[in-house]
Amino acid sequence: MKALIIDDSRAMRMLLRRVVTGLGFEVLEAGNGQEALDVIAAGELPDVALIDWNMPVMNGLEFVSAMRANTETRAVTLMMVTTESERTQIVRALAAGAHEYLIKPFTEDALVSKLEMLGLLPVVV
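Residues numbered from 1 in each chain as written. Predicted model: local features only at pLDDT ≥ 70, side-chain atom pairs only at ≥ 80, totals over all residues. Heavy atoms only, no water.

### Side note on the sheet that holds strand E3 (residues 48–51)
Item 1. Pairing is parallel in the open sheet, where five strands are placed in the order E2-E1-E3-E4-E5. Either end of the sheet is taken by a strand with one partner, and the two such strands are strand E2 (26–30) and strand E5 (100–103). Each neighbouring strand pair of the sheet contributes to a mean axis angle of 20°, computed without reference to strand direction.
Item 2. Sheet analysis places E3 next to strand E4 (residues 77–82), joined by four bridges and oriented parallel. Note that in E4 the partner of valine 48 across the bridge is threonine 77.
Item 3. The sheet strands contacting helix H4 (residues 87–96) are E4 and E5, and the helix crosses E5 at an angle near 145°.
Item 4. Set on the sheet, helix H5 (residues 108–117) makes contact with E3, E4 and E5; between it and E5 the angle comes to about 180°. (Pairing = 2+ DSSP bridges. Helix = DSSP H or I, 4+ residues; strand = E, 2+ residues; numbered from the N terminus. Axes fitted to C-alpha atoms, helices over the stretch in contact; angles between N-to-C directions. Contact = heavy atoms within 4.5 Å.)

Right under this line is the structure:
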């Protein structure tokens, strides 16, 4: 499985990379939504994208909307991983097409739990 980590913070990309690599994912990275679209256009379609909201060039919400507007990328699972914690922002992201929402700061267990809920990991009982 392939995960695309989209965040303008290199430190956050490294943290997410460590977690998802440990779960067996191949990892791709982008510093903003446009870079992520460029990675996908180059033929790297991920199974899941972990998306920050606040980024330069193209923010996370714009990326989610672009992914949902394209029939070739609609099946990609999208999870917001962001500091945006207001209920209205969460509703906006889910309405735009994000499947799940994880608020920073988060624990590794919280991320694993979200990936399990999305069916991207085997559920441990």
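So much for the structure itself; the text now carries on.
### Concerning the side chain of aspartate 7
Item 1. Topologically, aspartate 7 is positioned in the loop between strand E1 (2–6) and helix H1 (10–22).
Item 2. Overall, aspartate 7 belongs to the buried group, its relative accessible area being 1%.
Item 3. In this structure the side chain of aspartate 7 is engaged in a polar contact, spanning 2.8 Å, whose partner is the backbone nitrogen of serine 9.
Item 4. Setting aside residues no more than four positions away along its own chain, aspartate 7 makes contact with Met12, Arg13, Ala30, Gly31, Asp52, Met55 and Lys104. (Buried < 20%, exposed > 50% of the residue type's maximum accessible area, 1.4 Å probe, protein only. Polar contact = N/O pair within 3.5 Å; in protein donor to acceptor, adjacent residues only side chain to side chain.)

### Structural notes on the nonpolar core
Item 1. Core analysis: the biggest nonpolar cluster contains 22 residues, and Leu4, Ile6, Ile51, Phe63, Leu78 and Met80 have the highest contact counts within it.
Item 2. Counting residues per element, the ones that place at least two in this core are E1, E2, helix H2 (33–41), E3, helix H3 (60–69) and E4.
Item 3. At four residues, H3 tops the list of elements feeding residues into this core.
Item 4. With residues up to four places along the chain from it excluded, the contact list for isoleucine 6 reads Ala30, Asn32, Gly33, Ala36, Ala49, Leu50, Ile51, Asp52, Met55 and Phe63.
Item 5. With 19 residues, the next largest nonpolar core counts Val27, Val48, Met79 and Val112 among its residues. (Core = buried A, V, L, I, M, F, W, Y, C linked by side-chain atoms within 4.5 Å.)

These figures come from the coordinates and say nothing about function on their own.
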